[in-house]
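Below are the chains, spelled out letter by letter.
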Amino acid sequence: MPHAAAGGVGAVAPADAAAAVAEQDPLVLAAAVVGLLAVLVALWWGIRRLRRPPGAEFVGHLAGRDEVSVLMHPNPDPDAMASALAVGEFAEAADVDAHLQYSGQIRHQENRAFETVLDLEFDRVDTAGDLLADDVVLVDHNEPRGFAGADSVDPFAVVDHHPGDGTGSAFTDVRPDHGSCASILAEYLEQQGWEPVTPEDEEEHGDEDERVLPSDTATGLLYGIQSDTKHLTKGCSAAEFEASAYLYEGIDEDRLDRIANPQVDAEVLEVKARAINERHVRNAFAVADVGDVSNADAIPQAADELSQLEGVTAVVVMGQKDDTLHLSGRSRDDRVHMGKTLRAVVDEIPMANAGGHARMGGGQLSVEHMEGLGPGDGLDREEFVDRLFDAMAGEI
């Protein structure tokens, strides 16, 4: 069957077709043009948003609030506290009131030194009603926990480096490949042109310089990075070194040294000694039960100490405070993902929780539930130790 020749009968040029439509109903053509422009504008904004750095996106969501609660995880460490300080800097620059809050306690001597040396003031949270703002930002954890009503809190933003499924309703930046949360916040600051300055240089910058990063915050962020990476020796990514280089110009060396070298509580030394003396070693794994403690933060410090034992590649230290058994584990063994190991150990024990990274993990459980309160037959202390060894060996 022959085809119509171009320009002949049966062939209508696109321009002629558009003109014909316009002659019949100009409003139809106008509506089509407007619709096309709307699609193009939406596409442009979508591409721009995809290219927008996460720090700029975070600040954009932050700036739309009147006040925020910046919530650290229970018993905050330097990484959590420094990250909260950085969010506070962004909030102040955006004229947003920021309340830095936490549940639990600041107990570890390093954590107390961080709070004291930098002269920090945080608000404690016992219940969800204690949150001082409806809009909540989570830093260094991605699911609210550690206080009554935590499940009812819906954060609008989450910035974290721990694995987990928690998200913010407006913004989520969770990077398990990073060694610290502070390095993520430092990236935000650097991307947006904040200049770290020493205490001496701060006096030269007036209040009009909104992008000046005070020395206290820069020092805190650097120590937060150091603390979570064993002074840049474990669990680092390139981001930690890049952030450290960026923050360097604003460091107060005297304060950094005072935070890094606090006096050690006598009980911490005693718990470390008990961990060494009471250790049980099977193959390349060690478990130590240090018994009753009044300072639960001594347990992870004892785990750090025990992990240096020659020939041992993975360790777990456990100790009891009141009715709670605290676990802290360390692994240098590629076969032992410590976070997953501890989760497997407590999986069938009611009201227990545990987790962490490949190299470091922790957990808490009720002694009564472990011994059989609730479903299950329960475990005594020796059976629980056996279960820890089985988990490290990959048998559970």
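Scoring rules and cut-offs
- Residues numbered from 1 in each chain as written.
- Predicted model: local features only at pLDDT ≥ 70, side-chain atom pairs only at ≥ 80, totals over all residues.
- Heavy atoms only, no water.
- Helix = DSSP H or I, 4+ residues; strand = E, 2+ residues; numbered from the N terminus.
- Buried < 20%, exposed > 50% of the residue type's maximum accessible area, 1.4 Å probe, protein only.
- Contact = heavy atoms within 4.5 Å.
- Areas by Shrake-Rupley, 256 points an atom, 1.4 Å probe, with all protein chains shown as cover.
- Pairing = 2+ DSSP bridges.
- Axes fitted to C-alpha atoms, helices over the stretch in contact; angles between N-to-C directions.
- Phe/Tyr/Trp six-rings, centres within 6.5 Å; stacked < 30°, edge-to-face > 60°.
- Lys NZ or Arg CZ within 6 Å of the ring centre and 35° of its normal.
- Parallel < 35°, antiparallel > 145°, perpendicular 65-115°, else oblique.
- Left-handed = near helix turned anticlockwise from the far one by under 90°.

As annotated in an unreviewed UniProt entry, the protein is DHH family phosphoesterase from Halosimplex litoreum.

Scanning the protein from N- to C-terminus turns up 15 helices and 14 strands. Across the 396 residues of the protein, 46% fall into the buried class. A sequence separation of at least 24 residues applies to 60% of the contacts in the protein between residues at least 6 apart. When the accessible area of the protein is evaluated, it comes to approximately 20200 Å², of which 49% is carbon and sulfur surface.

Moving on, we get to the sheet that holds strand E1 (residues 67-71). A sheet is described by the order of its strands in space; here six strands give the open sequence E3-E2-E1-E4-E5-E6, paired in parallel fashion. Strand pairing shows two members of the sheet lacking a second neighbour, strand E3 (123-124) and strand E6 (171-174), which therefore form its edges. Pairing of E1 with strand E2 (residues 97-102) involves five bridges; the strand directions are parallel. Within E2, the position partnered with Glu67 by the bridge is Asp97. Taken strand by strand, helix H3 (residues 54-63) contacts E1, strand E4 (136-139), strand E5 (157-160) and E6, and its axis lies near 140° from that of E6.

A few words on the packing of aromatic side chains. The full count for this structure, using the stated rule, is six aromatic pairs. Where Phe90 meets Trp194, the ring centres are 5.6 Å apart and the plane angle is 80°; that geometry is what we call edge-to-face. Here Phe90, found in helix H4 (residues 78-93), pairs with Trp194, found in the loop between helix H6 (182-191) and strand E7 (195-196); they are 104 residues apart in sequence, far enough to count as distant. For Trp194, a relative accessible area of 5% puts it in the buried group. Sitting over the face of the ring of Phe156, Arg65 holds its NZ or CZ atom 3.8 Å from the ring centroid.

As a further point, take the packing of H4 against H6. Two numbers describe how H4 lies on H6: the axes approach to 9 Å, and their chain directions differ by 20°. As the angle between them shows, H4 and H6 are arranged roughly parallel. Of the two possible hands of crossing, H4 and H6 adopt the one that is left-handed. For the pair formed by H4 and H6, the contact residues are Asp79, Ser83, Ala86, Val87 and Phe90 on the first element and Ala182, Leu185, Tyr188 and Leu189 on the second.

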